[in-house]
Amino acid sequence: SQKIEQNSEALNIQEGKTATLTCNYTNYSPAYLQWYRQDPGRGPVFLLLIRENEKEKRKERLKVTFDTTLKQSLFHITASQPADSATYLCALDRRYGGGSQGNLIFGKGTKLSVKP
Amino acid sequence: AAGVIQSPRHLIKEKRETATLKCYPIPRHDTVYWYQQGPGQDPQFLISFYEKMQSDKGSIPDRFSAQQFSDYHSELNMSSLELGDSALYFCASRIAEFGFHEQYFGPGTRLTVT
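Residues numbered from 1 in each chain as written. Chains lettered and ligands numbered in written order. Predicted model: local features only at pLDDT ≥ 70, side-chain atom pairs only at ≥ 80, totals over all residues. Heavy atoms only, no water.

Colleague: What's the story with the confidence of the model for chain A in this structure? I'm lost.
Modeller: Where the model shows low pLDDT, its predicted coordinates should not be examined in detail. Averaged over every residue, the pLDDT of chain A is 88; residues scoring 70 or more account for 91%. Considering only residues more than four positions removed or in separate chains, one finds that residues 96-100 of chain A, a stretch of pLDDT under 50, has eight contacts. (pLDDT = per-residue confidence, 0-100. Contact = heavy atoms within 4.5 Å.)

Colleague: Honestly, the pairing of strand E9 (residues 86-93) of chain A in this entry has me stumped. Any pointers?
Modeller: The side chains of a regular strand alternate between both faces of the sheet. Residues and elements named next belong to chain A. In terms of burial, E9 is a largely internal element, seven of the eight residues being buried. In this sheet, E9 lies alongside strand E4 (residues 32-38) in antiparallel orientation, the contact comprising six bridges. Of the residues in E9, the one forming a bridge with Tyr36 is Leu89. The sheet contact formed by E9 and strand E11 (residues 110-115) spans three bridges and is antiparallel. Within E11, the position partnered with Tyr88 by the bridge is Thr110. The pairing of E9 with strand E10 (residues 104-106) spans three bridges and is classified as antiparallel. The residue of E10 that forms the bridge with Asp93 is Leu104. (Buried < 20%, exposed > 50% of the residue type's maximum accessible area, 1.4 Å probe, protein only. Helix = DSSP H or I, 4+ residues; strand = E, 2+ residues; numbered from the N terminus. Pairing = 2+ DSSP bridges.)

Colleague: I keep staring at the nonpolar core and nothing clicks. Help me out?
Modeller: Taken as a class, soluble globular proteins show a tendency for nonpolar side chains to be buried jointly. The biggest cluster of nonpolar side chains holds 23 residues, and the ones touching the most others in it are A:Leu33, A:Trp35, A:Phe75, A:Ile77, A:Tyr88 and A:Leu112. Counting residues per element, the ones that place at least two in this core are strand E3 (19-26), E4, strand E5 (45-51), strand E7 (62-67), strand E8 (72-77), E9 and E11 of chain A. By size, the runner-up hydrophobic cluster in this structure holds 22 residues, among which are B:Val4, B:Ile26, B:Ile60 and B:Ala66. (Core = buried A, V, L, I, M, F, W, Y, C linked by side-chain atoms within 4.5 Å.)

Colleague: What is the right way to read the environment of B:Ser65 from this model?
Modeller: All names here are of chain B. Structurally, Ser65 is set in strand E7 (residues 64-68). Given the relative accessible area of 38%, Ser65 is considered partly exposed. In the structure, Ser65 is positioned 18 residues away from Ile47 in sequence and 8.8 Å away in space, judged by C-alpha atoms. Dropping the residues within four chain positions of it, Ser65 is found in contact with Glu75, Leu76 and Asn77.

Colleague: Looking at this structure, how should I read the pattern of salt bridges?
Modeller: Side-chain pairing between opposite charges can occur once the charged atoms of the two side chains come close. The full count for this structure, using the stated rule, is 10 salt bridges over all chains. Put simply, A:Asp84 and A:Arg61 hold a salt bridge, and the shortest N to O gap is 2.9 Å. Taken together, the positions of A:Asp84 in the loop between E8 and E9 and A:Arg61 in the loop between strand E6 (56-59) and E7 put the pair 23 residues apart, joining distant regions of the chain. Classification of A:Asp84 by relative accessible area gives buried; the value is 8%. The partner of B:Asp42 in a salt bridge is A:Lys108, and the shortest N-O contact between them spans 3.0 Å. Pair noted here: B:Asp42 is in the loop between strand E4 (31-37) and strand E5 (44-50) and A:Lys108 is in the loop between E10 and E11, and the two residues belong to different chains. (Salt bridge = Lys/Arg side-chain N within 4 Å of Asp/Glu carboxyl O.)

Colleague: It is not clear to me how unusual backbone geometry should be interpreted in this structure. Could you clarify?
Modeller: In most cases, non-glycine residues show a negative phi, while peptide bonds are predominantly trans. Each neighbour pair has its own omega, and for B:Ser7 with B:Pro8 the value is -10°, a cis peptide bond. In this structure, A:Glu60 takes a positive phi of about 55° despite not being glycine. Note on placement: A:Glu60 falls in the loop between E6 and E7. Look at A:Glu60 and you get exposed, because its relative accessible area is 80%. Positive phi is not limited to glycine here, since B:Glu51 has a value of about 50°. Of note, B:Glu51 is situated in the loop between E5 and strand E6 (53-57). Residue B:Glu51 is classed as partly exposed on the basis of its relative accessible area, which comes to 31%.

Colleague: What should I look at first to understand the environment of A:Gly107 in this one?
Modeller: Along the chain, A:Gly107 falls in the loop between E10 and E11. With relative accessibility at 0%, the residue A:Gly107 sits in the buried group. As a C-alpha pair, A:Gly107 and A:Ile4 span 103 residues in sequence and 5.1 Å in three-dimensional space. Setting aside anything within four residues of it in sequence, one finds A:Gly107 in contact with A:Ile4, A:Gln6, A:Leu89, A:Cys90 and B:Asp42.

Colleague: Teacher, can you tell me more about the pairing of strand E8 (residues 74-78) of chain B here?
Modeller: All names here are of chain B. Burial runs high along E8: four of the five residues are buried. The pairing of strand E3 (residues 19-24) with E8 spans five bridges and is classified as antiparallel. Note that in E8 the partner of Lys22 across the bridge is Glu75. Pairing of E7 with E8, which is carried by five bridges, proceeds in the antiparallel orientation. Directly across from Gln67, in E8, lies its bridge partner Glu75.

Dropping the structure here:
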């Protein structure tokens, strides 16, 4: 079965530094991979989606890379701020042959703490 | 912008009782997903609906059932509640068009079974 691993449960960095989160997956070749942010007690919020034919995607201070050979995605937050502190979830979206799209399979998440 | 609405936000039930959770997707979204998130866990997919038909099923117990209505809102019915059912239940919606894959999550319903 598909498996997603996020390299660390927690990551502590200093404000202004770049945070790099890793997502690895096995037994699967996804058409795309998504990153979500989740604050305590709240629903995940979509951040970025990267497709299998894309190497990199950017949005403001966020950057995602996707290496289908390594089966790995890296998520970067540059010039990090305390407000970026949250849990970041990597998710795979399975594609079906017809009808609706598949559900999301999430990694365990990485809890990022940005210290002032 | 309109977001996914879930009700109730909090629910306390006793063991063996039933519970009904409601989800109102973003307007024009035709696909609804239900997820369960236990304490310290990642969200686990339960069930999804596309155009009012069940489209996929995950780790949903037989005690749970769900449906999507003609106005696209969805309800998750949970019977014979167990202590282990205590969790956050999220509903998410999306529009099933090519190129649109992100899901929009509601604020969740926190279910506590005592």
